[in-house]
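What follows is the residue order along each chain.
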Amino acid sequence: MPKITRQDVMQKYTVRVYDKDQADLLNRAMEKFMPMIGNKTDTIRHFALIGAEKMLGDSQINNSINFSEIRRYMQGVDEKLDKIEKGQKSYFAETTGEVLTNQAMTNLNTKLLLKSTGANLRSYSSDWKYEPTDYDLEVLRAQTKKDLLNGRR
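These remarks concern the structure in this document. Just so you know, these numbers come straight off a predicted model, no measurement behind them.

### Observations regarding the overall build of the protein
No. 1: Counting its regular elements, the protein contains four helices and zero strands.
No. 2: The secondary structure elements of the protein, listed N-terminal to C-terminal, are α-α-α-α.
No. 3: Of all 153 residues assigned to the protein, the portion counted as buried reaches 8%.
No. 4: Put simply, of all contacts in the protein between residues at least 6 apart along the chain, 48% involve residues at least 24 apart.

Right, dumping it as C-alpha cells:
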C-alpha cells in the first residue's frame with residue numbers, strides 16, 4: 001500500500017442525507033456494521049470505499065455485458081458465414097459438375113463422330129449440325145455432383 005502524505009490524510013469528505021428513506025437505510029447499516037468496524041467515521045469511510053469499488057466494478061460489468069453482446073453478434077455473423085460457405089460448396093459442386101458433364105459429352109460426341117464417319121475434325125464448317133443422342137445426361141450430371149460433394153474428384 002502506498003505511503004499517505006499528511007496533506008492526503010487531512011483531506012475530509014462530508015456526507016449529507018436529505019431523504020428519510022436514505023437516512024433510515026444508513027442508520028440500519030450503521031447499527032449492523034459499526035460494532036464490527038469501530039467508530040462512526042470509520043464505518044462511513046468503509047461504506048464509501050465499498051460503494052466506490054462497487055461503482056468502478058459496475059463499469060467493468062457493463063463492459064463485459066457489451067463484450068457479450070458483441071460476442072453474440074459475432075456468433076450470428078459466423079453462422080451466416082457458415083451458411084454462405086456451405087452454399088458455395090454446393091454451388092461449386094453443381095457448376096463444376098455441369099462443366100465436367102459438358103466436357104464428357106463433348107468428348108463422347110467427338111469420339112462417336114470420329115468412329116462413325118471418320119470425319120476430319122480440323123476441317124470444321126458451320127454446315128455441320130448436331131442432334132442430341134439417346135444418352136442419359138441427367139444421370140451423368142447427378143453422379144458427377146455426388147462425386148464432387150463426396151470429394152472423389
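### Looking at the packing of aromatic side chains
No. 1: By the definition in use, this model includes one aromatic pair.
No. 2: Measuring from ring centre to ring centre gives 6.1 Å for Phe 33 and Phe 47, while their planes differ by 85 degrees; the resulting arrangement is edge-to-face. Remark: Phe 47 occurs in helix H3 (residues 40–117) and Phe 33 occurs in helix H2 (residues 20–37); sequence separation between them is 14 residues.
No. 3: Residue Phe 33 is classed as partly exposed on the basis of its relative accessible area of 32%.
No. 4: The exposure class assigned to Phe 47 is partly exposed, which follows from its relative accessible area of 22%.

### With respect to H2
No. 1: For H2, spanning 18 residues, the distance from its first C-alpha to its last is 24 Å, which sits close to the expected 26 Å at 1.5 Å a residue.
No. 2: Of all the bends in H2, the greatest reaches close to 35 degrees and is centred on Glu 31; the proline Pro 35 follows between one and four positions later.
No. 3: Among the residues of H2, the N-terminal cap falls to Asp 19, whose side-chain oxygen and the backbone nitrogen of Asp 21 are separated by 3.3 Å.
No. 4: Positive phi appears at Gly 38, one or two residues downstream of H2, with a value of about 140 degrees.

### A look at the pattern of salt bridges
Two side chains of opposite charge can pair, provided their charged atoms sit close to one another.
No. 1: What the rule picks out here adds up to two salt bridges.
No. 2: In this structure, Arg 45 engages Asp 42 in a salt bridge whose closest nitrogen and oxygen atoms are separated by 3.7 Å. Of this pair, Arg 45 and Asp 42 both sit in helix H3, three residues apart, which is roughly one turn of that helix.
No. 3: The class of Arg 45 is partly exposed, set by a relative accessible area of 47%.
No. 4: Overall, Asp 42 belongs to the partly exposed group, its relative accessible area being 29%.

### A short note on a negative patch on the surface
No. 1: A grouping of Asp 78, Glu 79, Asp 82 and Glu 85 is seen on the molecular surface, where their side chains present a negatively charged patch.
No. 2: Summarising the element assignment, Asp 82 is placed in helix H3.

Definitions and limits used
Residues numbered from 1 in each chain as written. Predicted model: local features only at pLDDT ≥ 70, side-chain atom pairs only at ≥ 80, totals over all residues. Heavy atoms only, no water. Helix = DSSP H or I, 4+ residues; strand = E, 2+ residues; numbered from the N terminus. Buried < 20%, exposed > 50% of the residue type's maximum accessible area, 1.4 Å probe, protein only. Contact = heavy atoms within 4.5 Å. Phe/Tyr/Trp six-rings, centres within 6.5 Å; stacked < 30°, edge-to-face > 60°. Expected span 1.5 Å × (residues − 1). Bend = angle between axes of the 7 residues up to and from the residue. Polar contact = N/O pair within 3.5 Å; in protein donor to acceptor, adjacent residues only side chain to side chain. Salt bridge = Lys/Arg side-chain N within 4 Å of Asp/Glu carboxyl O. Patch = residues over 30% accessible without salt bridge, like charges linked within 9 Å, V, L, I, M, F, W, Y side chains within 5 Å. Areas by Shrake-Rupley, 256 points an atom, 1.4 Å probe, with all protein chains shown as cover. Lys, Arg positive; Asp, Glu negative; His and termini not counted. Charge placed at Lys NZ, Arg CZ, Asp CG, Glu CD.

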